[in-house]
Amino acid sequence: MEEIKKAILEFAEKTGKTKFYFKDMEKAVHKVMPDVKARMIKKAATELINEGKLIYFSTGSTTMYGLKGRGQTEDH
Amino acid sequence: MFEPKEPQKKLKYEELRIYTDEELNNYTEEELKEFKCKHPIPDVEDLEKGPWPSFVADAKREALHRRKLPDDRLLIGKYVVEDTLGQLQLSFDHGETHWKHGGIVGVFGYGGGVIGRYSDVPEKFPDIAHFHTLRVNQPASKFYDTEYLRTLCDLWEFRGSGMFNFHGSTGDIIFLGTTTEQLEPVFYELTHVLQQDLGGSGSNLRTPSCCVGKARCEWSCIDTQDMCYELTHYYQDELHRPAFPYKFKFKFDGCPNCCVASIARADMSFIGTWKDDIRIDQEAVQAYINGEIPPNGGAFKGRDWGKFDIYKEVINLCPTKCMWMEDGKLMIDNKECTRCMHCINVMPQALRPGKDTGVSILFGAKAPILEGAQMSVLTIPFMKCEPPYDNIKEIVEKTWDWWMEEGKNRERLGELIQRYGLPKFLEVLELPPMPQIVKEPRSNPYIFWKEEDVPGGWQRDIKDYRSRHKR
């Protein structure tokens with residue numbers, strides 16, 4: 001689990017985007033660990049959300065993930 | 001027998017209320033007539049004209065009510081309703097919206113249920129600078145009592161705008177407009193005091209919804225409320241923590257009348273059905289023919305439609321022509337019946353669905369604004385449907401695994417099925433093609449076979465074929 005979390009954070013830091021789809025995150029993890037199931041990646045992402053390292057971004061119809069502190073803040 | 005998953009308590013408004021009766025009834029009809037919104041809203045007020053009820057009239061009542069409440073009895077802006085109306089007028093003037101949608105607001109641990117909304121002209125309308133929406137998961141079949149409703153209203157008056165949608169198109173109770181600071185307190189009250197959860201939004205499983213089902217309807221072939229409750233609880237993670245390519249909706253209809261329109265609106269539609277024969281009470285059929293029982297449960301009694309004619313109103317309208325009269329008795333060739341429900345709707349005392357009941361599962365509906373509705377496709381004609389619904393959960397999970405793997409970002413299940421074709425989807429579900437899933441089995445029975453599906457396979461030289469048949 002820790003390795004998946006590390007891969008997610010590395011991707012989140014490297015990507016130039018302030019927010020990204022779950023699928024992009026999944027692809028990035030699969031580059032490092034090809035056999036990890038989507039369900040595990042979701043669990044790892046949820047842990048990162050609960051630790052306050054990742055954030056959800058929702059338009060109402062679609063949800064994306066982002067690195068806490070980058071891009072928008074809660075007030076905008 | 002239905003068993004709740006946690007002990008249920010009866011809400012008592014008198015114990016939970018925030019406002020006194022005087023505070024709730026704090027203006028007169030005369031004051032309402034004299035009420036002037038703080039912004040001029042001529043075009044918005046135009047919507048009050050005509051015979052239909054208007055949200056503007058309701059919003060003005062709420063605006064006056066809030067204006068007369070003491071400041072310390074409201075935790076967000078007093079003029080939130082008036083600013084909403086003012087901004088709507090500005091949007092009419094400019095011909096474009098002044099809302100900004102989306103953001104990172106939410107409640108801790110949830111990726112859905114809250115939709116961020118902000119005014120892009122907050123200097124003009126400061127009380128709606130933040131105007132976030134909350135989706136509250138409605139009770140199954142939208143059954144609730146006034147104690148529950150009044151408790152919700154007090155909570156939202158105190159911590160939000162006091163404005164709701166009952167109900168949003170997915171079925172949720174929509175709380176319209178509050179500030180970021182109020183989200184967690186509202187969520188706490190809803191979950192810890194009212195035993196109420198938020199609904200789904202974003203790339204989540206959306207709030208499942210169902211018809212009134214067996215609770216009030218004699219036609220319901222499945223217990224839609226129980227199924228909705230079970231799957232809502234079982235798939236909590238999918239409801240609150242988004243990892244899908246896009247939205248996903250379940251809807252449960254007890255019979256093919258489809259009162260929650262699952263066939264038009266759900267990625268996965270569950271429609272109650274039966275596989276034995278329609279039950280016929282021949283005496284009641286005669287009573288309808290003799291005019292002793294009004295057809296359609298008396299729904300059209302207000303006008304004289306003439307004597308009931310079973311040929312004109314039932315037999316000739318059967319889409320598969322599977323009904324006829326023989327020696328004064330109504331006959332049905334049940335294997336031709338497509339479960340359209342028309343005859344049962346017209347003569348409910350004479351005809352009833354069969355007893356061997358289950359569910360038909362259809363996939364892929366969506367209702368886009370630009371392209372028009374896409375109906376879901378019948379994929380599983382009949383499946384038994386009993387708690388704990390393990391057979392159905394298995395189908396759900398196979399579908400999700402495929403969609404999560406192959407679906408593009410923002411691609412609905414129906415679009416994915418169209419992109420890959422229905423045969424591929426059947427392969428994913430490990431189901432054989434069946435005549436019931438072919439739209440016109442009599443005129444177009446064509447099925448593509450794969451070599452491995454046919455005993456002995458076949459040999460085909462494409463070069464030889466092309467030498468005789470140019471492309």
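Cut-offs and rules
- Residues numbered from 1 in each chain as written.
- Chains lettered and ligands numbered in written order.
- Predicted model: local features only at pLDDT ≥ 70, side-chain atom pairs only at ≥ 80, totals over all residues.
- Heavy atoms only, no water.
- Helix = DSSP H or I, 4+ residues; strand = E, 2+ residues; numbered from the N terminus.
- Rg over C-alpha atoms; globule rule 2.2 N^0.38 Å.
- Areas by Shrake-Rupley, 256 points an atom, 1.4 Å probe, with all protein chains shown as cover.
- Lys, Arg positive; Asp, Glu negative; His and termini not counted.
- Charge placed at Lys NZ, Arg CZ, Asp CG, Glu CD.
- Contact = heavy atoms within 4.5 Å.
- Salt bridge = Lys/Arg side-chain N within 4 Å of Asp/Glu carboxyl O.
- Polar contact = N/O pair within 3.5 Å; in protein donor to acceptor, adjacent residues only side chain to side chain.
- Nonpolar A, V, L, I, M, F, W, Y, C, P; charged D, E, K, R; others polar.
- Phe/Tyr/Trp six-rings, centres within 6.5 Å; stacked < 30°, edge-to-face > 60°.
- Buried < 20%, exposed > 50% of the residue type's maximum accessible area, 1.4 Å probe, protein only.
- Lys NZ or Arg CZ within 6 Å of the ring centre and 35° of its normal.
- Domains from an automatic or database assignment.
- Core = buried A, V, L, I, M, F, W, Y, C linked by side-chain atoms within 4.5 Å.

Things to note about the overall build of chain A
For chain A, the count of helices and strands is three helices and three strands. The C-alpha atoms of chain A give 12 Å as radius of gyration, which agrees with the globular expectation for 76 residues (11 Å, within 12%). Judged by the C-alpha coordinates and their principal axes, chain A covers about 40 × 25 × 25 Å. When the accessible area of chain A is evaluated, it comes to approximately 4,100 Å², of which 54% is carbon and sulfur surface. In chain A, 15 side chains carry a positive charge and 11 a negative one; their mean positions are 5 Å apart.

Let's talk about the interface of chain A and chain B
Chain A puts 26 residues into the contact, and the matching count from chain B is 31 residues. There are three salt bridges connecting chain A and chain B. Close ionic contact of Asp401(B) with Arg39(A) constitutes a salt bridge, the shortest N to O distance being 3.6 Å. Scanning the region where chain A abuts chain B turns up 12 residue pairs in polar contact (both at pLDDT 80 or more). Among the elements of the structure, α2 (22-32), α3 (38-50), β2 (54-58) and β3 (63-67) of chain A are those that each provide at least two residues to the side of chain A that touches chain B. When residues of the side of chain A that touches chain B are assigned to their parent elements, the largest contribution, six residues, is made by α3(A). For the side of chain A that touches chain B, the per-class residue count stands at eight nonpolar, 11 polar and seven charged.

Some remarks on the packing of aromatic side chains
To describe a pair of aromatic rings, you give the distance between the ring centres and the angle between the ring planes. Throughout the structure, instances matching the rule amount to 28 aromatic pairs over all chains. Between Phe248(B) and Phe250(B), the aromatic rings sit 5.8 Å apart at their centres with planes inclined by 90 degrees, giving edge-to-face as the arrangement. Take Phe248(B) and Phe250(B): they sit in the same class, and that class is buried. A network of ring pairs unites the aromatic residues Tyr234(B), Tyr235(B), Phe244(B), Phe248(B), Phe250(B), Phe252(B), Phe270(B), Trp400(B) and Trp403(B) as a single cluster. Of note, Lys19(A) hangs over the ring of Phe57(A), and the distance from its end group to the ring centre comes to 4.4 Å. The ring of Tyr234(B) carries Lys393(B) above its face, with NZ or CZ at 3.9 Å from the centroid.

Focus on the domain arrangement of chain B
Partitioning chain B into structural domains gives domain 1 (13-193), domain 2 (209-274 + 357-453) and domain 3 (279-352). Of note, the centres of domain 1 of chain B and domain 3 of chain B, computed from C-alpha atoms alone, are 48 Å apart.

With respect to the nonpolar core
Counting 59 residues, the largest nonpolar core has Ile8(A), Leu54(A), Phe250(B), Phe270(B) and Ile392(B) as the members making the most contacts within it. Examining the composition of this core, we find that seven residues originate from one element, helix α15 (residues 390-406) of chain B, more than from any other. Residues contacting Ile392(B), with those up to four places away along its chain left out, are Met227(B), Leu231(B), Phe270(B), Val359(B), Ile361(B), Met383(B), Lys384(B) and Cys385(B).

What to know about the pattern of salt bridges
Scanning all chains against the criterion turns up 34 salt bridges over all chains. In this structure, the salt-bridge partner of Glu51(A) is Lys5(A), at a minimum N-O distance of 2.7 Å. Taken together, the residues span a long stretch of sequence, with Glu51(A) in the loop between α3 and β2 and Lys5(A) in helix α1 (residues 2-14) at a distance of 46 residues. A residue is classified by how much of its surface remains accessible, and Glu51(A), at 40% relative accessible area, is partly exposed. Lys5(A) sits in the buried class, given a relative accessible area of 6%. Here Glu23(B) and Arg73(B) are joined by a salt bridge, their closest N and O atoms 2.7 Å apart. Of the two residues, Glu23(B) sits in helix α2 (residues 21-24) while Arg73(B) sits in the loop between α5 (55-68) and α6 (80-94), which places them 50 residues apart along the sequence. Here the salt bridges do not stand alone but share partners, grouping Glu2(A), Lys5(A), Glu47(A), Glu51(A) and Lys53(A) into one network.

Re unusual backbone geometry
Most peptide bonds are trans, and most residues other than glycine sit at a negative phi. Residues and elements named next belong to chain B. A cis amide bond, omega 0 degrees, links Phe 166 with the succeeding residue His 167. Secondary-structure assignment places His 167 in the loop between β5 (163-166) and β6 (173-176). Cis geometry marks the peptide bond from Pro 387 to Pro 388, where omega comes out at 5 degrees. Tracing the chain through its elements places Pro 388 in the loop between β15 (377-383) and α15. With phi around 60 degrees, Cys 258 is a residue other than glycine that occupies positive phi space.

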